[in-house]
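Remarks on the overall topology
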Amino acid sequence: MSTDRPLVSIGVPVRNGENYLAAALESALGQSMGDLRVIISDNASEDATEEIARRFVATDARVEYHRQARNIGAAANFNFVLDRADGRYFRWSAHDDVLGPEYLRLCTERLDADRALAVCHTLTGCIDGQGDPDGTYDDELALDDPSASHRFYRTLWTDHFTEIWGLMPLAVARRAGPMQGYVGADRGYLSALVLLGRVGYVPEYQFFRRNHGSCYCRSVMTMAERRAWFAPHRRGPASRELLSKLRHYAGMISRAPIPAAEKAACARAVAAWATIRTLERTRGRQTHRPALETVRQAVGSPRGAVPGRARVLAGAAAVPAGGRLSP
């Protein structure tokens, strides 16, 4: 094992993560495949995050710690750890999620075997604030379709996704980035990623997403608060958010190494998505099913051709005790 140039770099962007950071770091450092480096970027935390991180630095040479002097926002913090990564593979790690001990071994083996993959991920189990099983993500949309435009529109319309926490070839991760500063930049990054290749799924539960009251997806935040979470120093009216997204999507589509017909299908998907999202915000309510059906029609996808992970991964390993499989 080389500590100078690891096989895998794990970037941990964190702000005020004292509640679960230790568990996340322990799960990363406890991997059966130990040729890794953990890069922590502490985004000016005001709790015990620094103390916890420095404790791990003192006991494991594979951990490095950086502290931001001011809150630079989630997007810039994600980019910070990506910029400092080296080695063959990279993944981001949230401070409140945990990995099963075989996650990196399984994903590196899959990526080594299939160089066409842009990201590899295992099945996702949910845990609660105490670490107990709390369901799965099996009913979410799978992103392993051979068609780039189909992967792209699924990313636009799925309610939740965990593939952004998957393992990626470092060169691919940098090609998809950097993460932008608009609200929903994580979806934008994943959209760029799936235009570069398929997602490969390992049919074992080795990634556990923690659902708790203070996580971003469950916090009740105004649009201004969400903008500040991604990029607190970003200037300009909120109305520019959509324009920023459209410019980003247009750029990623134009640069994608896919046929012209696929690019046209992606452009139609973005147009439908932007139109419907604008109407939803204007009316103050969501219309997810009609929206998804509209996008299916726009890109020419047959009805019922959007499988969930459980259907794609027949014969998957059993859900951890207390979990569930969606019908």
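Residues numbered from 1 in each chain as written. Predicted model: local features only at pLDDT ≥ 70, side-chain atom pairs only at ≥ 80, totals over all residues. Heavy atoms only, no water.

**Topic: the state of the cysteines**
Counted according to the given criterion, the structure contains zero disulfides. Distance from the sulfur of Cys107, which forms no disulfide, to the nearest cysteine sulfur (Cys120) is 3.8 Å. (Disulfide = S-S within 2.5 Å.)

**Regarding the pattern of salt bridges**
Tallying each qualifying case throughout the model produces 13 salt bridges. A salt bridge links Arg15 to Glu46; the shortest N-O distance between them is 3.9 Å. In this pair, Arg15 is assigned in the loop between β1 (8-14) and α1 (21-29) and Glu46 in the loop between β2 (36-42) and α2 (49-59), connecting sequence segments 31 residues apart. Here Arg15 falls in the partly exposed class, since its relative accessible area comes to 31%. You can call Glu46 exposed: its relative accessible area is 67%. Ionic pairing is found between Arg198 and Asp114, a salt bridge with its closest N-O pair at 2.9 Å. Separated by 84 residues along the polypeptide, Arg198 in strand β9 (residues 198-210) and Asp114 in the loop between α4 (103-113) and β6 (117-127) bring together distant segments of the chain. One network of salt bridges, with partners in common, ties together Asp42, Glu50, Arg54 and Arg67. (Salt bridge = Lys/Arg side-chain N within 4 Å of Asp/Glu carboxyl O. Helix = DSSP H or I, 4+ residues; strand = E, 2+ residues; numbered from the N terminus. Buried < 20%, exposed > 50% of the residue type's maximum accessible area, 1.4 Å probe, protein only.)

**Observations regarding the confidence of the model for the protein chain**
In the predicted model, the protein chain carries a mean pLDDT of 85, and the fraction of residues at 70 or more is 82%. Below a pLDDT of 50 lies the segment residues 298-307, which in the model reaches 22 contacts outside its immediate sequence neighbourhood of four places, other chains included. Predicted confidence for residues 310-327 stays below pLDDT 50, and this span has 31 contacts to residues more than four positions away or in other chains. (pLDDT = per-residue confidence, 0-100. Contact = heavy atoms within 4.5 Å.)

**Some remarks on the pairing of β9**
Within β9, 10 of the 13 residues are buried, which leaves it mostly tucked inside the rest of the structure. Of the pairings in the sheet, the one linking strand β5 (residues 98-99) to β9 comprises two bridges and is antiparallel in character. Its bridge partner lying in β9, Val98 is registered against Phe208. The pairing of β6 with β9 spans 10 bridges and is classified as parallel. If you follow Gly125 over to β9, its bridge partner there is Phe208. (Pairing = 2+ DSSP bridges.)

**Some thoughts on the packing of aromatic side chains**
As enumerated under the stated definition, the model contains six aromatic pairs in all. Seen in terms of ring centroids, Trp92 and Tyr189 are 4.9 Å apart; in terms of plane orientation they differ by 70 degrees. Their pairing is edge-to-face. Of this pair, Trp92 sits in strand β4 (residues 89-92) while Tyr189 sits in helix α7 (residues 185-194), and the two are 97 residues apart along the sequence. Of the two residues, Trp92 and Tyr189, neither departs from the other in class, the shared state being buried. Measuring from ring centre to ring centre gives 5.4 Å for Tyr249 and Trp273, while their planes differ by 65 degrees; the resulting arrangement is edge-to-face. (Phe/Tyr/Trp six-rings, centres within 6.5 Å; stacked < 30°, edge-to-face > 60°.)

**Description of the sheet that holds β6**
The strands making up a sheet are joined through hydrogen bonds of the backbone, oriented either antiparallel or parallel. Within the open sheet, the four strands sit side by side as β5-β9-β6-β7. Their pairing is mixed. Of all strands in the sheet, those bounded by a partner on one side alone are β5 and β7 (133-136). In this structure, β6 lies alongside β7, joined through two bridges in antiparallel fashion. By the bridge assignment, Gly125 is partnered in β7 with Thr136.

**Examining the nonpolar core**
Grouped together as the largest cluster of nonpolar side chains are 81 residues, with contacts concentrated most on Val38, Trp92 and Phe152. If sequence neighbours within four positions are ignored, Phe152 has contacts with Ser191, Val194, Leu195, Tyr249, Met252, Ile253, Cys266, Ala269 and Val270. Val98, Ile127, Tyr205 and Phe208 belong to the second largest nonpolar core, which has five residues in total. (Core = buried A, V, L, I, M, F, W, Y, C linked by side-chain atoms within 4.5 Å.)

**Overview of the side chain of His248**
Mapping His248 onto the fold places it in helix α9 (residues 240-255). Among the polar contacts made by the side chain of His248, one reaches the side chain of Tyr182 at a distance of 2.7 Å. If we ignore the near neighbours within four places in the chain, the residues touching His248 are Gln180, Tyr182, Gly188 and Tyr189. (Polar contact = N/O pair within 3.5 Å; in protein donor to acceptor, adjacent residues only side chain to side chain.)

**Details of the packing of α1 against α2**
Closest axis-to-axis distance for the α1/α2 pair is 10 Å, and the angle between their directions is 25 degrees. One way to sum up the angle between α1 and α2 is to call them roughly parallel. Remark: the crossing between α1 and α2 carries right-handed chirality. Residue-level inspection shows Leu21, Ala22, Leu25, Glu26 and Leu29 of α1 in contact with α2, the latter providing Thr49, Ile52, Ala53, Arg55 and Phe56. Its residues assigned to classes, the contact of α1 with α2 comprises seven nonpolar, one polar and two charged. (Axes fitted to C-alpha atoms, helices over the stretch in contact; angles between N-to-C directions. Parallel < 35°, antiparallel > 145°, perpendicular 65-115°, else oblique. Left-handed = near helix turned anticlockwise from the far one by under 90°. Nonpolar A, V, L, I, M, F, W, Y, C, P; charged D, E, K, R; others polar.)

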